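# Reading the structure
Below, each chain spelled out in residue letters.
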Amino acid sequence: MTHNPKNTYHRSVTTMIDAERCIGCGRCVAVCPKQTLTMKDDIAVVSGSESLNCDHCAAVCPNEAIQVTAVDPALGSFQTFSADTRWQAHGRFDTASLVNLMGSRRSCRNYSDRPVDRPLLEDLVKAGVTAPSGSNCQPWTFTILPDRHAVNRLGRRVGDFFRKTNRMAEKRWLRTALKLLGKPQLDTYFHLHYPTVEMGLSAWDGGERDLLFHGATAVIVVAADNGASCPSEDALLATGNMLLTAHTMGLGTCLVGFVIEAMRRDRSIVRMLSIPDQETPYAVIAIGWPDEAYYRVAGRKPVVIRYAGSRDTH
Ligand SMILES: Cc1cc2nc3c(=O)[nH]c(=O)nc-3n(C[C@H](O)[C@H](O)[C@H](O)COP(=O)(O)O)c2cc1C
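For clarity, every value in this text was computed on a predicted model and none was experimentally measured.

Attention shifts here to the overall build of the protein. Helix and strand counts for the protein come out as 11 helices and eight strands. Taking the principal axes of the C-alpha coordinates as reference, the protein spans close to 80 × 50 × 45 Å. Counting across all 314 residues of the protein, residues that qualify as buried make up 38%. Relative to all contacts within the protein whose residues are 6 or more apart in sequence, the contacts with residues 24 or more apart total 76%. Here the protein has roughly 18,900 Å² of accessible surface; of this, 53% comes from carbon and sulfur atoms. Here the protein contributes 36 positive and 32 negative side-chain charges, whose respective centroids are spaced 8 Å apart.

Right under this line is the structure:
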């Protein structure tokens, strides 16, 4: 399953309308975000020159008269479970179950050695891409590190990056000089992350514990094409879907921000994974069979909620 980046800005119309089947209800025209379709002589016709290829028209047609050929039908079927492709009406899905699922997903930091089968990893990606994306660009790509060998290789490379960073951060004169030059990042890093990283590196070197991926047996790096309208949002929305889906599959996950940081500062780590230069990684998901269990769902700190603009605000 590969994503063709050339299609990210695919705006050409791939909508096919079977005039024989069209009953002239006009629902496709009402849901079209790009005015690609109009009604002519009580039949839906393609009149616009551009399309988001969002597939709304085909999904809303009561008589299966429309097909959007840019859409990959293979993404609707999964290898490890059978998906219901019928649309759930607003208010039909059980809110309590969904909120319970979201609260039950926890960052997993203890995994068993059992590998995760590739079909599960591929199904996770398919679940991920049900997410919305800016202008329906779908600019996401998914790089799968399917086993511990691949995860360790990335871990060693990221370890080398942080070892170098820590050696630099130890130099007080360098931190001070950079701060005077208006670059306080190394000093901030020293105070916030140096001790944790030092501990992680010595645990890794001593073969004691993997504090980076927590022993996960697979990793998926979610990246997105830089030219998309909202690449970071798109990649992270897909990631959120994947975290929830993984939980339903019995898998544990943990986002690993340390690796994203290393990739941001050292592009050679990204290249090592054959991720092309026009893409930016936004999430690194550690995945594996969990070796931990909880009794209760996530607790959260107090949240800021504000109303704005309403006549009733004051
Ligand atoms: C952007 C991001 C980066 C994160 N990076 C790490 C990480 O490097 N290592 C780690 O153990 N957890 C990491 N986490 C997990 C957070 O610590 C975790 O989400 C938070 O403590 C809340 O716990 P929960 O995910 O179990 O609800 C990251 C989470 C996010 C959203």
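Once you've had a look at it, read on.
It is worth spelling out helix H7 (residues 185-192) at this point. When we look at burial in H7, the residues that qualify are Leu186, Asp187 and Tyr189. Taken end-on, H7 shows its buried residues confined to a sector of 160°, consistent with a single buried face. Along H7, the residues that are exposed and aim more than 90 degrees away from the buried face are His191 and Leu192. For H7, the elements touching its buried residues are helix H5 (148-169), helix H6 (172-180) and helix H8 (194-205).

Attention shifts here to H5. Structurally, the α-helix is built with 3.6 residues per turn, so residues lying three or four positions apart point the same way. An ideal rise of 1.5 Å per residue puts 32 Å on 22 residues; H5 measures up with 30 Å between its terminal C-alpha atoms. Within H5, burial applies to Ala150, Val151, Leu154, Gly155, Val158, Gly159, Phe161, Phe162, Thr165, Asn166 and Ala169.

Let's shift gears to the site of the ligand. Taken together, the neighbourhood of the ligand is formed by Arg105, Arg106, Ser107, Arg109, His214, Cys254, Leu255, Val256, Gly257, Phe258 and Arg300. Within the backbone of Gly257, an N or O atom sits 2.8 Å from a nitrogen atom of the ligand. A distance of 3.4 Å separates an oxygen atom of the ligand from a polar backbone atom of Phe258. Against a free-state accessible area of 620 Å², the protein chains account for coverage of 59% of the ligand. Looking at the shell around the ligand, the elements with two or more residues in it are strand S7 (252-255) and helix H10 (257-265). Taken together, the residues of the shell around the ligand sort by class into four nonpolar, three polar and four charged.

We now examine the domain arrangement of the protein. According to the domain assignment, the protein consists of domain 1 (5-71) and domain 2 (77-84 + 93-293). Here the C-alpha centroids of domain 1 and domain 2 sit 37 Å apart. Counting residues at the interface gives seven residues for domain 1, matched by eight residues for domain 2. In total, about 580 Å² of surface goes out of reach between domain 1 and domain 2, with carbon and sulfur atoms giving 46% of it. At the boundary of domain 1 with domain 2, the tally comes to zero salt bridges. Seen at the junction of domain 1 and domain 2, the total is three residue pairs in polar contact (both at pLDDT 80 or more).

Soluble globular proteins: nonpolar side chains tend toward being buried together. Residues Leu154, Phe213, Val259, Met263 and Val284 are the most contacted members of the largest nonpolar core, which totals 35 residues. For this core, the secondary-structure elements that each account for two or more residues are H5, H7, H8, strand S6 (218-225), H10, helix H11 (267-272) and strand S8 (279-288). In terms of residue count, the dominant contributor to this core is H5 (seven residues). If we ignore the near neighbours within four places in the chain, the residues touching Val259 are Leu154, Val158, Leu212, Phe213 and Val284. Judged by nonpolar contacts, the second largest core, of 24 residues, contains Ala238, Met242, Leu243 and Trp289.

What counts and what doesn't
- Residues numbered from 1 in each chain as written.
- Predicted model: local features only at pLDDT ≥ 70, side-chain atom pairs only at ≥ 80, totals over all residues.
- Heavy atoms only, no water.
- Helix = DSSP H or I, 4+ residues; strand = E, 2+ residues; numbered from the N terminus.
- Buried < 20%, exposed > 50% of the residue type's maximum accessible area, 1.4 Å probe, protein only.
- Contact = heavy atoms within 4.5 Å.
- Areas by Shrake-Rupley, 256 points an atom, 1.4 Å probe, with all protein chains shown as cover.
- Lys, Arg positive; Asp, Glu negative; His and termini not counted.
- Charge placed at Lys NZ, Arg CZ, Asp CG, Glu CD.
- Arc of directions from axis to C-beta.
- Expected span 1.5 Å × (residues − 1).
- Near = heavy atom within 4 Å.
- Polar contact = N/O pair within 3.5 Å; in protein donor to acceptor, adjacent residues only side chain to side chain.
- Nonpolar A, V, L, I, M, F, W, Y, C, P; charged D, E, K, R; others polar.
- Domains from an automatic or database assignment.
- Buried area = accessible area lost by both parts, 1.4 Å probe.
- Salt bridge = Lys/Arg side-chain N within 4 Å of Asp/Glu carboxyl O.
- Core = buried A, V, L, I, M, F, W, Y, C linked by side-chain atoms within 4.5 Å.

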